[in-house]
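Now for the letters of each chain:
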Amino acid sequence: MVKRVCVVGSGYVGLVTGSCLADLGNNVICVDNDKKKIEMLNKFKMPIYEPGLEDVVKRNVEAGRLFFTTDLKDSVKKSEVIFIAVGTPPKANGEADLSCIEDVSKQIALNMDEYRLIVDKSTVPVQTGQRVKETITRNLKKDIEFDVASNPEFLKEGSAINDFTRPDRIVIGVETERAAVILKEIYNPFNSPIITTDIQSAELIKHAANSFLATKVSFVNALSVICELTGADVDKVTEGMGMDKRIGSSFLNAGVGFGGFCFPKDLAAFIKISEKLGYDFKLLKAVEEINKKQKDRFIKKIEDALWNIKDKTIAVLGLSFKPNTDDIRFAPSIDIIKALLRDGAGIRAYDPYAMDKMSQVLPEVKYCQSSYEAADGADALVIVTEWSEFKELDFVKIKGLLNDAILIDGRNMYDPDSMRRLGFKYVCIGKKS
Ligand code: UGA
């Protein structure tokens, strides 16, 4: 059944949600208070790089099912279901800043004149749904019925369209049967399992899932240290672990530590939420600590391989926090490059998509048009993000371009024996160097 939907916030989550719901045939209005962003979207210019997004947006705008506007008031009046997908950035103490959620809830209340279902999609602390409900009740101008629901998003940057349309599960947290029916009507066409819970449980599922995945990554990174100290191979160990169906093979890649706008932020927020509730979630504090140390250890590996960093030129491949995105928020590359610059190195960097954004954060880096240009005249090559094009590099050519055949691989992309046979001093994660 076609629904009139409004999605407030046109960031990753909002844009993907809005365009994919329009693709199902719903009438969708995406609202954002950033005028420039809305102007760009109306010209089919995506504010983020996300494979496939532009096509879905274009197709649905042209079909007259998807609209972009800054007018929240009008959008609330026209829509039966309102998704909140605004940012919940971290405050200095790690807590999520929920002021945008409060503001939008208030605006919805002030502008609705008949029943509305308000669905929170942003990642929020448990019990935020209750706050949204209270805010709306307080600001309603007359007695209008409404429901609040939680519908957390599990999309990954780089595969967001696929994650939205073919999810492992859809979580809906509701208080009324009416809200459950509407959300099921929206999501049934995806043919994915739908789990219906109370609002608090749905909110917690999101934080629990992200924290658990981050725990997996930190576990493996800690394991990589033990592997290095004992001569074991972390990739073999995780292969053996992952074949146990209870463990599973995904999220077991050792590397330079996790980054991005979700894991570090959600982990810090979950630690704070637990603290406020009176529980010291020490396990998650250790996950954070291991993650920080993993970056420091990688910087130390570069220093060890080069002996002295001062006045050396280092080629860095991969800047985004993971492949297939131009997102550099909390990217490990930032801390790694900053440390090397501080030690007096010159950096030549290449990334297929993230260089524009990175040049605003680290203008002192020399940005190159290819991996080969970055390697030209450098004293070492460092892999920070595992873009698939780095797998195909011609390492005979790279060796000819480098001053010194030193390869420090933060993502275990290559076979150590092959690299050593080619004459590289090859350093990676969780294996004998
Ligand atoms: C993450 C979750 O995977 C999504 O389910 C969730 O919806 C999203 O956060 C969110 O809360 O919005 P995302 O941040 O896009 O998605 O990235 P991931 O693919 O989960 O990777 C996170 C970090 O972990 C990256 O820095 C990645 O390099 C690192 N990672 C991941 C590893 O170091 N090793 C692994 O084996 C897997």
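Remember, it's a predicted structure, so these values are computed and weren't measured experimentally.

**Concerning the overall build of the chain**
Secondary structure assignment for the chain yields 17 helices and 14 strands. Relative to a compact globule of 433 residues, whose C-alpha radius of gyration would be 22 Å, the chain shows 24 Å and is just as compact. For the chain, the spread of C-alpha atoms along the three principal axes comes to 75 × 45 × 40 Å. In the chain, which comprises 433 residues, the share counted as buried stands at 54%. For the chain, contacts bridging at least 24 residues in sequence account for 72% of all contacts bridging at least 6. On the chain, roughly 19600 Å² of surface is accessible, and the fraction owed to carbon and sulfur atoms is 52%. Distance between charge centroids for the chain: 1 Å, based on 61 positive and 63 negative side chains.

**What to know about the sheet that holds strand 13 (residues 406-409)**
The six strands are arranged 11-10-9-12-13-14 in an open sheet whose pairing can be described as parallel. Each end of this open sheet is capped by a strand with a single partner; those strands are strand 11 (366-367) and strand 14 (425-427). In this fold helix 12 (residues 282-306) packs onto strand 9 (313-317), strand 12 (380-383), strand 13 and strand 14, with an angle of close to 170 degrees to the strand it touches most, strand 13.

**What about the nonpolar core?**
I302, I314 and Y414 are the most contacted members of the largest nonpolar core, which totals 63 residues. Setting aside its immediate chain neighbours within four residues, I314 contacts I302, L306, I309, L340, A345, G346, I347, R348, A378, A380 and V382. Ranked by size, the runner-up nonpolar core spans 41 residues in total, among them L15, V56, L66 and I170.

**Overview of the site of the ligand**
Among the 19 residues in the neighbourhood of the ligand, the closest are listed as F154, L155, E157, K206 and N210. Note that an oxygen atom of the ligand is positioned 2.8 Å from one of the backbone N or O atoms of N253. A distance of 2.9 Å separates an oxygen atom of the ligand from a polar side-chain atom of K322. Protein chains shield 92% of the accessible area of the ligand, which is 710 Å² for the free molecule. Secondary structure elements with two or more residues in the shell around the ligand: helix 9 (199-230) and helix 11 (263-277). With three residues, helix 9 is the largest single contributor of residues to the shell around the ligand. In terms of residue class, the shell around the ligand is built from nine nonpolar, three polar and seven charged. Inspection of the shell around the ligand shows a minimum of three residues originating in each of domain 1 (4-197) and domain 2 (212-427).

**Side note on the packing of aromatic side chains**
Evaluated as defined, the whole model comprises 13 aromatic pairs. A ring pair is formed by F164 and F190, whose centres lie 5.6 Å apart and whose planes are at 85 degrees; its orientation type is edge-to-face. Taken together, the positions of F164 in helix 7 (residues 160-165) and F190 in the loop between helix 8 (177-187) and strand 8 (194-197) put the pair 26 residues apart, joining distant regions of the chain. Given a relative accessible area of 10%, F190 falls into the buried group.

**Thoughts on the domain arrangement of the chain**
Per the domain assignment, the segments of the chain are domain 1 (4-197) and domain 2 (212-427). With 18 residues of domain 1 at the contact, the number on the domain 2 side is 18 residues. In this assembly, domain 1 packs against domain 2 so that about 1400 Å² is buried in total across both faces, 60% of it on carbon and sulfur atoms. Together, Y49, E95 and E157 form the three largest contributors to the area buried by domain 1 at its contact with domain 2, with a combined 41%. Close ionic contact of K276 with E95 constitutes a salt bridge, the shortest N to O distance being 2.8 Å. Counting across the domain 1 and domain 2 interface gives seven residue pairs in polar contact (both at pLDDT 80 or more). Partitioning the side of domain 1 that touches domain 2 into residue classes produces 10 nonpolar, five polar and three charged.

**Considerations on the layout of surface pockets**
Size it by volume and the second largest pocket reaches roughly 580 Å³. Residue lining of the second largest pocket: 21 residues in total, with L98, P125, T128, R131 and K276 positioned closest to the centre. Every element with two or more residues in the lining of the second largest pocket is listed here: helix 5 (99-111), helix 6 (128-139) and helix 11. Taken together, the residues of the lining of the second largest pocket break down into nine nonpolar, four polar and eight charged.

**Re the pairing of strand 6 (residues 146-150)**
Most of strand 6 is tucked away: five of the five residues are buried. A two-sided burial pattern is seen for strand 6, the buried positions comprising F146, V148 and S150 on one face and D147 and A149 on the other. Examined bridge by bridge, strand 5 (residues 116-120) and strand 6 share five bridges and lie parallel to one another. Note that in strand 6 the partner of D120 across the bridge is S150.

**A word on the packing of helix 12 against helix 13 (residues 332-342)**
Here helix 12 crosses helix 13 at 45 degrees, and the two axes come no closer than 10 Å. Between helix 12 and helix 13, the angle is such that the two are oblique. In the crossing of helix 12 with helix 13, the sense of the turn from one axis to the other is right-handed. For the pair helix 12 and helix 13, contact is made by K295, F298, I299 and I302 and by P332, D335, I336, A339 and L340, respectively.

So, how was this worked out
- Residues numbered from 1 in each chain as written.
- Predicted model: local features only at pLDDT ≥ 70, side-chain atom pairs only at ≥ 80, totals over all residues.
- Heavy atoms only, no water.
- Helix = DSSP H or I, 4+ residues; strand = E, 2+ residues; numbered from the N terminus.
- Rg over C-alpha atoms; globule rule 2.2 N^0.38 Å.
- Buried < 20%, exposed > 50% of the residue type's maximum accessible area, 1.4 Å probe, protein only.
- Contact = heavy atoms within 4.5 Å.
- Areas by Shrake-Rupley, 256 points an atom, 1.4 Å probe, with all protein chains shown as cover.
- Lys, Arg positive; Asp, Glu negative; His and termini not counted.
- Charge placed at Lys NZ, Arg CZ, Asp CG, Glu CD.
- Pairing = 2+ DSSP bridges.
- Axes fitted to C-alpha atoms, helices over the stretch in contact; angles between N-to-C directions.
- Core = buried A, V, L, I, M, F, W, Y, C linked by side-chain atoms within 4.5 Å.
- Near = heavy atom within 4 Å.
- Polar contact = N/O pair within 3.5 Å; in protein donor to acceptor, adjacent residues only side chain to side chain.
- Nonpolar A, V, L, I, M, F, W, Y, C, P; charged D, E, K, R; others polar.
- Domains from an automatic or database assignment.
- Phe/Tyr/Trp six-rings, centres within 6.5 Å; stacked < 30°, edge-to-face > 60°.
- Buried area = accessible area lost by both parts, 1.4 Å probe.
- Salt bridge = Lys/Arg side-chain N within 4 Å of Asp/Glu carboxyl O.
- 1 Å grid on protein atoms, 1.4 Å probe; cavity = no way out; pocket = protein on both sides within 12 Å on 5 of 7 lines; lining within 4 Å.
- Points joined across faces, edges and corners; volume = space filled by probe spheres on them.
- Parallel < 35°, antiparallel > 145°, perpendicular 65-115°, else oblique.
- Left-handed = near helix turned anticlockwise from the far one by under 90°.

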